[in-house]
Amino acid sequence: QKEVEQNSGPLSVPEGAIASLNCTYSDRGSQSFFWYRQYSGKSPELIMSIYSNGDKEDGRFTAQLNKASQYVSLLIRDSQPSDSATYLCAVNEGAQKLVFGQGTRLTINP
Amino acid sequence: EAGVAQSPRYKIIEKRQSVAFWCNPISGHATLYWYQQILGQGPKLLIQFQNNGVVDDSQLPKDRFSAERLKGVDSTLKIQPAKLEDSAVYLCASSSQGSQPQHFGDGTRLSIL
């Protein structure tokens, strides 16, 4: 199975600052990339998807993809305490399978 | 749009007992997934269905785990007999097709005593 690597954290960011989450993947053929947010005791919730190189913005969230470097990141601007959660990076393997990283635990400090 | 439904939410059993989980995907979603998520780890795919056919079960421990999706809609995942290391959250997800984003149910938290 192909690998998806994330720093497990915890990553601590002050309220109002930018949180930067990173993910690397091993399968050069991957075409679909997703970020999920998972609150403690809850199921993963899709927050961003990105399919082509560059940036994709949605509100306070920006996903960045660099296929040459096999790197995908998530930026959260104006971080809020409600953003405190585990963020999971998921990358497709083949046509239909998703491989998840172990997740980065993010804490926003008021 | 109703989300992915799973039951039960919690289950506690003793090792060597059997247990079954149920999942009903989002209406119209052809692809259904079962994941195992151990505390502190990301979800690990156990089995993937496309309609009522198995697409990938390479990481399913087939000596003790089984799953079916007989009518191409809802699905059951069974563990028999359970081991201590099976303690985890079992997540069901669905997508309209394999390449589309997956949407997760609330999961079943399984504890093995």
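Scroll up to find the structure.
Residues numbered from 1 in each chain as written. Chains lettered and ligands numbered in written order. Predicted model: local features only at pLDDT ≥ 70, side-chain atom pairs only at ≥ 80, totals over all residues. Heavy atoms only, no water.

**Topic: the environment of Asp78(A)**
- For Asp78(A), the position within the fold is in the loop between strand S8 (71-76) and strand S9 (85-93).
- Separated by 30 residues in sequence, Asp78(A) and Met48(A) have C-alpha atoms that sit 17 Å apart. (Helix = DSSP H or I, 4+ residues; strand = E, 2+ residues; numbered from the N terminus.)

**Considering the sheet that holds strand S7 (residues 65-68) of chain B**
All names here are of chain B.
- On the basis of which strands lie adjacent, the open sheet formed by four strands has the order S1-S3-S8-S7 and antiparallel pairing. Either end of the sheet is taken by a strand with one partner, and the two such strands are strand S1 (5-7) and S7. Taken over all neighbouring pairs, the strand axes of this sheet differ in orientation by 15° on average, direction set aside.
- When strand S3 (residues 19-24) meets strand S8 (residues 75-79), the two strands line up antiparallel, connected through five bridges. Bridge assignment links Ala20 to a residue of S8, and that residue is Lys78. (Pairing = 2+ DSSP bridges. Axes fitted to C-alpha atoms, helices over the stretch in contact; angles between N-to-C directions.)

**Some thoughts on the pattern of salt bridges**
All names here are of chain A.
- Going through the model one piece at a time under the given rule, you end up with six salt bridges over all chains.
- Residue Arg77 is joined to Glu57 by a salt bridge in which the shortest nitrogen-to-oxygen separation is 3.4 Å. Here Glu57 lies in strand S6 (residues 54-58) and Arg77 lies in the loop between S8 and S9, a separation of 20 residues in the sequence.
- Classification of Arg77 by relative accessible area gives partly exposed; the value is 26%. (Salt bridge = Lys/Arg side-chain N within 4 Å of Asp/Glu carboxyl O. Buried < 20%, exposed > 50% of the residue type's maximum accessible area, 1.4 Å probe, protein only.)

**What to know about unusual backbone geometry**
- Note that the residue after Ser7(B), namely Pro8(B), is joined by a cis bond; omega there is -10°.
- Geometrically, the link from Gln80(B) to Pro81(B) is a cis peptide bond, its omega value of -5° lying close to zero.
- By secondary structure assignment, the location of Pro81(B) is in the loop between S8 and strand S9 (88-95).
- Positive phi, close to 50°, is recorded for Asp78(A), a residue that is not glycine.
- We classify Asp78(A) as partly exposed; its relative accessible area is 42%.

**Describing the environment of Phe34(A)**
- Secondary-structure assignment places Phe34(A) in strand S4 (residues 33-38).
- C-alpha separation for the pair Phe34(A) and Ala63(A), spaced 29 residues apart in sequence, amounts to 8.9 Å.

**Quick word on the sheet that holds S6(A)**
All names here are of chain A.
- Reading across from one edge, S1-S3-S8-S7-S6 is the order of the five strands in this open sheet, with antiparallel pairing throughout. Edge positions in the sheet fall to strand S1 (4-5) and S6, since each has one partner strand and no second.
- Where strand S7 (residues 61-66) and S8 come together, six bridges link them in antiparallel fashion. What sits directly across from Leu65, in S8, is Val72.

**Observations regarding the nonpolar core**
- Formed by 24 residues in total, the largest nonpolar core has its most connected members in Trp35(A), Val72(A), Leu74(A), Ile76(A) and Tyr87(A).
- Counting residues per element, the ones that place at least two in this core are strand S3 (19-25), S4, strand S5 (45-50), S7, S8, S9 and strand S11 (104-109) of chain A.
- Counting residues in each nonpolar core, the second largest holds 21 residues, with Val4(B), Ile13(B), Leu46(B) and Ile79(B) among its members. (Core = buried A, V, L, I, M, F, W, Y, C linked by side-chain atoms within 4.5 Å.)

**What about the state of the cysteines?**
- Counted according to the given criterion, the structure contains two disulfides over all chains.
- Two residues, Cys23(A) and Cys89(A), share a disulfide whose sulfurs are 2.1 Å apart. Taking the sign of the S-S torsion, about -75° here, the bridge from Cys23(A) to Cys89(A) comes out left-handed. A residue pair is termed long-range when its members are at least 10 positions apart, and Cys23(A) in strand S3 and Cys89(A) in strand S9 qualify at 66 residues. Like Cys89(A), Cys23(A) is buried.
- A disulfide bridge connects Cys23(B) with Cys92(B), and the sulfur atoms are separated by 1.9 Å. Residues Cys23(B) and Cys92(B) are joined through a disulfide that is left-handed, its torsion about the S-S bond being -70°. Of this pair, Cys23(B) sits in strand S3 while Cys92(B) sits in strand S9, placing them 69 residues apart in sequence.
- On the accessibility criterion, Cys23(B) (0% relative accessible area) is buried. (Disulfide = S-S within 2.5 Å.)

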